[in-house]
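Residue-level structural notes
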Amino acid sequence: MRLLAGLTAAALSGLAAAASQQTADVYILTANQQSSSETPSIPKEVARHILLQRASRQPYGSDLRDIPSSTDTETAVSHIARFGTGPEPLFSQSDKTNVPQLVVILEGVTYQQSHDLKDALSQAGHPAAFRVSDAPSAAANKNLMTLFRQLGSAPSQPCDLAHALNPANEECWSGVSSVVNYDLKKASSTYSVLLASLPQINKLVAASDLEVTLLVLPDSTRSSKINSWSTLAGNPTNNRRRDSGERVITDSTVVWPAPSTPTRSAKVNIQKKAIPACFLSLDACKEATNDCSGHGTCVNKFGTGNATSSDARACFACKCMATVVRRGDEPGTSGKKTVHWGGNMCQKKDVSVPFWLITGFTITIVGAVTFAIGLLFSVGQEQLPGVIGAGVSRGASK
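Calculation criteria
- Residues numbered from 1 in each chain as written.
- Predicted model: local features only at pLDDT ≥ 70, side-chain atom pairs only at ≥ 80, totals over all residues.
- Heavy atoms only, no water.
- Helix = DSSP H or I, 4+ residues; strand = E, 2+ residues; numbered from the N terminus.
- Buried < 20%, exposed > 50% of the residue type's maximum accessible area, 1.4 Å probe, protein only.
- Contact = heavy atoms within 4.5 Å.
- Areas by Shrake-Rupley, 256 points an atom, 1.4 Å probe, with all protein chains shown as cover.
- Core = buried A, V, L, I, M, F, W, Y, C linked by side-chain atoms within 4.5 Å.
- UniProt positions renumbered as here; feature names shortened; annotations may be inferred.

Another point: the overall build of the protein. Helices and strands together make up the secondary structure of the protein, namely 13 helices and 12 strands. Burial status across the protein gives 35% buried among its 398 residues. Contacts in the protein between residues far apart in sequence, at least 24 positions, make up 74% of those at least 6 positions apart. Per element, the accessible surface of the protein, about 23700 Å² overall, is 56% carbon and sulfur.

What follows is about the nonpolar core. Grouped together as the largest cluster of nonpolar side chains are 31 residues, with contacts concentrated most on Ile 105, Phe 130, Val 132, Phe 148, Val 179 and Leu 215. When contributions to this core are tallied by element, the ones reaching two or more residues are strand S1 (24–29), helix H2 (44–55), helix H3 (73–83), strand S3 (101–109), strand S4 (130–132), helix H5 (138–150) and strand S6 (211–218). Setting aside chain neighbours within four positions, we find Phe 130 in contact with Ala 24, Asp 25, Val 26, Ile 28, Thr 39, Pro 40, Ile 42, Ala 47, Ile 50 and Phe 83. Leu 106, Val 109, Ala 128 and Leu 184 belong to the second largest nonpolar core, which has 30 residues in total.

Turning next to the UniProt feature "transmembrane region" (unreviewed entry) in the protein. UniProt records the feature "transmembrane region" (unreviewed entry) for residues 355–377 in the present numbering. Secondary structure over residues 355–377 splits into 100% helix and 0% strand, and the C-alpha atoms at its two ends are 33 Å apart.

For the rest of this paragraph, the subject is unusual backbone geometry. Although it is not a glycine, Ser 293 adopts a positive phi angle of roughly 60°. Structurally, Ser 293 is set in the loop between helix H11 (282–289) and strand S7 (296–300). On the basis of relative accessibility, which here comes to 26%, the residue Ser 293 falls in the partly exposed class. Positioned with a positive phi, Cys 346 is a non-glycine residue whose angle comes to about 55°.

Below you can see the structure in the form of structure tokens.
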């Protein structure tokens, strides 16, 4: 009897463990990390919309037709608004409004790897944002990555994680978002690279130079019977609109055209937006910033020497220097002008000193003129002395 009870308890615990392994943790690493007492469990359809919204290069919108009936639409919208990227300010021109978005999908994660990664991220202040309650199979993940490639968010060729963490790397990035997928059963070194790169990731995230969304899929989900992240979107026959022929984003049949090759000017604009605060090597800093636009030099903020790409302590950035422009090279001419530079590529002129000189001079002149006019008015309003007034009155009486 005791043996039967023990076997029953072991079987029940095994079934509970297997059921818990079907859930997938999602970590969202941002500078303004929102703390929560509990981790919500979200259906895979809502999680799919969150991933698409964070990786989308255009304002993302969907009618949420694939949301299951068990989930309220308002709840799904609140989850997308909470865990997706925030809206851009209407009147702000800050460079930090368009933060590069990196989505990392890890498959084949063992229980021990998931536990260690959870502890490491929690110690860094990044607990799990939410859980996918019904994580699909490996075939569904393959279709999802095909969708990201067609949308231009995922690289067409395999990309190492160490290179994917650098938004200036053109092999892994072609815009302000990138989606990469790794199977730890086939690329076991990716897990160790991720743990070793956490300090560098935390620096980039804290400086608002990168936001990372990490989807951790347990190895047990590989053989899941769920073959799509969205049943409705995964079935092309259900993608008909009742009112118009509007395009629908699907997992298995992608209807979006492949992205065109960006021009040289577009690459320059993209690089200016995606230049991180730190580079892992001196060569990467020189290549991405065009040697600091010729107005500075790349230096290691936290050390000395030329570090390799695997050194997580390296932080190469541009140190801008002043340039001297002479007014003439002919004999007898003299005079020179010093130009100060700023920006993450030393590409912007520092006009703060002339601005404050002109502003201070203008304020001083306006203040002096206002004081002089006020002084004249105050003198004109004063009455004449009594002696002068008495003499005037006697002359009038005669």
